Amino acid sequence: MTLQSVEDGRYGETLDVVWEIEPGRRILPVGSLPTLAADQFDPPQRLAAFLDAVRWSAVTSADTTLLQAPFRSGVAIEDYQLEPVARAVEAPAVNLLLADDVGLGKTIEAGLVAQELLLRHRVRRVMIVCPAGLTVKWRDEMAEKFGLDFVIVDSSRCVTLRRTHGSAANPFRTYPLTILSLPWLRGPRAQRLLDEVLPSDGPSETPTFDLLILDEAHHVAPAAPKQEYAVDSQQTKLMRRLAPHFGHRLFLSATPHNGYQSSYTALLELIDPLRFARGVPPDEPALQDTVVRRLKRDIVNADGTRRFVERRTQELAVEYPEDERNVHAMLNEFTALRRKRLKAQRGQRAADLVTLLLKKRLFSSPAAFAHTVAVYTETLRTKVGSATTVPARFDEDEWYDDFIEEVGTLDDEELAETEDSALSISGRLTPEPVEDELALLRQMDNWARAHEGRPDAKAEKLVQFLVAVCRPDGKLWTNERVAIFTEYRDTQIWLEQLLRSRGLGEERLALLYGGMDGDERELLRLAFQADPVEHPVRILLATDAASEGIDLQNHCHRLVNYEIPFNPNKLEQRIGRIDRYGQRNPPEIFHFVGVGWEKASNSFEADLEFLSRVARKVADMEADLGRVNAVLAEAVQQRMLGRLDSSFDVFGARSKATKRRSERGGVAAKRNVREQVDRLHQTIDSTVRSLDITPANVQRVVSTALDLARQQPLRPYLDDKHLSEGLYEVPPLTGAWGRTVDGLIDKLTGEQRPITFDSEAVKGRDDVVLAHLNHPLVAMSTRLLRAAVWSSEPGLHRVAAVVSDHASLRGPMIAAFARYVLVGADGIRLHEEVLSAGGWMRADGRFARVESLGALGEILSAVLTDGTPASLRLQDRFVQAWPRLRNGLLNALENRAKDRGSSLDVRLEKRREDERQRIKVTLDRFGDSLRRQLDDEPELTLLDLLKDPRELTQARNDRRSWEERLARLESDRQRELGRIDARYANPTAHLFPVAVICVVPQREAVR
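Residues numbered from 1 in each chain as written. Predicted model: local features only at pLDDT ≥ 70, side-chain atom pairs only at ≥ 80, totals over all residues. Heavy atoms only, no water.

- The name given to the protein chain in an unreviewed UniProt entry is Helicase SNF2 family protein, with the source organism recorded as Virgisporangium aurantiacum.

Given below as structure tokens:
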């Protein structure tokens, strides 16, 4: 026999059983009401809690303004963060680019979308792809903030899986909720595992996976073009292969646009190939529908003041001694000698790369410089007399461009390895060194080794700064915190030794870097985020492995860039660690600049001042950094190579001029954020009214469930620190209930934190846990109560008798509640809610239906909240009349369901037509864009504009793609319309009666 699930809306799931041997088998009558019997009545508050549990499980609604995800989140949600999830529930396919400014909460926005789609059973298999250093953070945030149990899939997880499930086990089949790092996904093991689950002939009609969340999505966009047209990177190709196998796509990036439309549209095409094509100017309405883009300056309070405090940039002036300026001059002399000996074009890019790496390391620290000088010296030494070279067909330009692109995605350990490898290749591309060059290298090496053991001028300035902020009297530590960022692990270790030798170490100094264990890294983050009174760490010395996705803003508003990265995007990522939601003080961003830089245009100080201007430009920029990032990065490279005058206007930098009109454009059109917030606030208010999701009601559900499970009750918690009310201590719980408090243990202190049911009480606090609807304690409580629908085990009778003085009660009333579910042809829920119907108990004991649903709802809401339990005598009165009341009440419930079904048919038909029209308009506009681009830029024009062979090949491939997609546009239209029609075809209604309530007017109760 095949059984189909009706619990929790899992209507698409079936189970085959042998009925005769199935333990506990029982056939329940369809549409059965609970029976009224003596001593089988629940207290009104218990029944109210049960109905709330049932109501909150009815998450799918034909009304797309109702959202449940915000009430299943363990953080206080800001109204503006609801925009993505509000768009998601309205769209037949969720394809969004969350391009909000750094620090506005894109992770929370993505979690809300995933939660809502999971609740509505629109998705089941979710994959999060992110930088390697963020996998643990994503896992913990999804668990703690949304109650979602994601699994990090990596090599160690695969080994464990094979040991527990067999050698053929595949994590992509085993785990529905997964997190992968982008570097691991690129590797051969991940690709082999994907080959096993992805259709060999391309994406299938039913996608293999449901939702893809790609964090820091700019890493998969093609890099800025050398001349005119962006070329797909290896990561672009990887995502181009993977993304089509997902039904929904959610990309996150604060800097999605690098100033080149061919790159930006390639990213948009990965998100929604029915709206965008690589190289085709995006349609404005398509951008409006797809891109969610708000800057910090757009987010304001109700009174119009800025929500985010404005950050400040400050320079730390350094008096560089003669020997530090001399080593810079040596490096310039070495570069000039090498460049002069390059008679052919071959080797030019390799020499440039060596110069950039040496200069970057020199500007970082003597330790970092010593490492690179030693590696390069050894490379040249082994080259002398060696026949080792690179293949004749080796593309030096492509290698250089790939290196520049790749290093932006690497942590400190991978960065060091990649740079060392690049130095080795560079040595093979350039001529053997002459004695003058080797002599300069030896001098630079001697300088670096001599300075490794002592601080340079910049390090001394850092020590002075830290002492002034953290330990001004040289003895006592203040509660001020400072985050220091460096690109290189060599520099970090060197600085650690220096700071500890100057009394700025012990437990006050912490290091964060790429090679750390994920859990250790998370504990360090939590320590730095904790109140300084409770944790001693004051100085965080971090590499850029901590510059993406790590929150440091709770008690830190000072950030020092120990060196200025040549990639401005890294600067913005660093600043975003403290300039983000929750920061209470103006962020202060510090960097170093040399005194007297005006004296010479090619001096050490002049180079550093140029970088200082870039740092100020990035820190002060409130518009879209991504659009000028490529220009600034190129300017930095050219300046460091000596090919750009220091007078270059950094503050006036704009996207590079291009001959192709289709290369122009921005991220997205502006939206009125205040109007968004007002609309989203109304959405939340509507959900609260409809589902009665209030702190008091959630607490009632938990307290009722604990009582029924014979567990100890919640105890009020006295908050001595903040004097907050509404906090509760969870007592020791037994059995399966014990696991519901695991997340309450503070990872730093090991102590159990109190809970609250009010999201306002957790704002700005980590020492209190919000018990939201998906919190394990609340989720287990609602499951226990809902189980009473099919079982008597929880001890609920699902019947209550109440006395009320409500003015609309003209006599005894009896009402019933039922779960109403409408299921589409594909087994996916279209709508569900809890309906009620009722009537008066006439003098002869018969039933008379109440026609006014508004009056009935008002009475039932009031009696469940304020009513008092009826006496045994009054209960018995309804028990005696039940045989005469039952059929009338059931008929009233069924008629109510029919009426509701008729109104829903109209609403769902309108929704179906709206979705169909949306698809038609989208594809019509997309077709127009393709035809316009093909007409505006004939292939001969490409030959004139594009001289780089790789760019020309990419452009020709894209053009063929436009033609092919235009040809299959009609088939795409029919496929998408067919999916919509199938979803809404032949909806089937199910009615599951769940409870009965009897109401007696106060005046009759005292007779």
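1. Comments concerning the UniProt feature "coiled-coil region" (unreviewed entry) in the protein chain
Step number 1: Here, UniProt's "coiled-coil region" (unreviewed entry) annotation points to residues 952–979.
Step number 2: From the first C-alpha to the last, residues 952–979 spans 38 Å; its make-up is 96% helix and 0% strand. (UniProt positions renumbered as here; feature names shortened; annotations may be inferred. Helix = DSSP H or I, 4+ residues; strand = E, 2+ residues; numbered from the N terminus.)

2. Overview of helix H8 (residues 188–197)
Step number 1: Taken as a whole, H8 has its buried residues at Ala190, Gln191, Leu193, Leu194 and Val197. All buried residues of H8 fall inside an arc of 160° around its axis, so they share one side.
Step number 2: Residues of H8 that are buried sit in contact with helix H5 (155–165), helix H6 (171–174), helix H7 (182–186), strand E7 (209–214) and helix H9 (234–242). (Buried < 20%, exposed > 50% of the residue type's maximum accessible area, 1.4 Å probe, protein only. Arc of directions from axis to C-beta. Contact = heavy atoms within 4.5 Å.)

3. Remarks on the nonpolar core
Step number 1: In this structure, Phe50, Trp138, Ile213, Ile755, Leu785 and Ile997 are the most contacted members of the largest nonpolar core, which totals 197 residues.
Step number 2: Every residue in contact with isoleucine 213, bar those within four places of it in the chain, is listed here: Ala110, Ala114, Val126, Met127, Ile128, Val129, Trp138, Leu250 and Leu252.
Step number 3: Core analysis: the next-biggest nonpolar cluster, separate from the first, contains 54 residues, Leu33, Ala801, Phe878 and Leu923 among them. (Core = buried A, V, L, I, M, F, W, Y, C linked by side-chain atoms within 4.5 Å.)

4. Brief notes about the packing of aromatic side chains
Step number 1: The full count for this structure, using the stated rule, is 8 aromatic pairs.
Step number 2: An angle of 45° between the planes, with centres 6.3 Å apart, marks the rings of phenylalanine 610 and phenylalanine 648 as tilted. Of the two residues, phenylalanine 610 is situated in helix H22 (residues 604–620) and phenylalanine 648 in the loop between helix H23 (626–640) and helix H24 (673–691); the sequence distance between them amounts to 38 residues.
Step number 3: Accessibility expressed as a relative area gives 25% for phenylalanine 648, which makes it partly exposed.
Step number 4: Arranged with centres 5.8 Å apart and planes meeting at 55°, the rings of tyrosine 728 and phenylalanine 757 form a pair that is tilted. Highlighted residues: tyrosine 728 in strand E17 (residues 727–729) and phenylalanine 757 in the loop between strand E18 (755–756) and strand E19 (769–770), separated in sequence by 29 residues. For the pair shown, tyrosine 728 and phenylalanine 757 are each scored as buried.
Step number 5: Chaining the aromatic ring pairs together yields one cluster made of Phe172, Phe209 and Phe246.
Step number 6: Directly above the aromatic system of phenylalanine 566 lies the positively charged group of lysine 360, at a separation of 6.0 Å from the ring centroid.
Step number 7: Of note, arginine 481 hangs over the ring of phenylalanine 528, and the distance from its end group to the ring centre comes to 5.4 Å. (Phe/Tyr/Trp six-rings, centres within 6.5 Å; stacked < 30°, edge-to-face > 60°. Lys NZ or Arg CZ within 6 Å of the ring centre and 35° of its normal.)

5. Looking at the pairing of strand E13 (residues 539–543)
Step number 1: Counting buried positions over the 5 residues of E13 gives 5, a clear majority of the element.
Step number 2: In E13, alternate side chains face the same way, and those of Ile539, Leu541 and Thr543 on one face and Leu540 and Ala542 on the other are all buried.
Step number 3: Here strand E11 (residues 482–486) runs beside E13; their pairing, made up of 5 bridges, is parallel. For alanine 483, the partnering residue across the bridge sits in E13 and is leucine 540.
Step number 4: Examined bridge by bridge, strand E12 (residues 509–512) and E13 share 4 bridges and lie parallel to one another. The residue of E13 that forms the bridge with leucine 512 is alanine 542.
Step number 5: Tracing the backbone out of E12, into helix H20 (residues 518–529) and back to the parallel element E13 gives a crossover that is right-handed. (Pairing = 2+ DSSP bridges. Right-handed = clockwise from strand over helix to strand, strands pointing away.)

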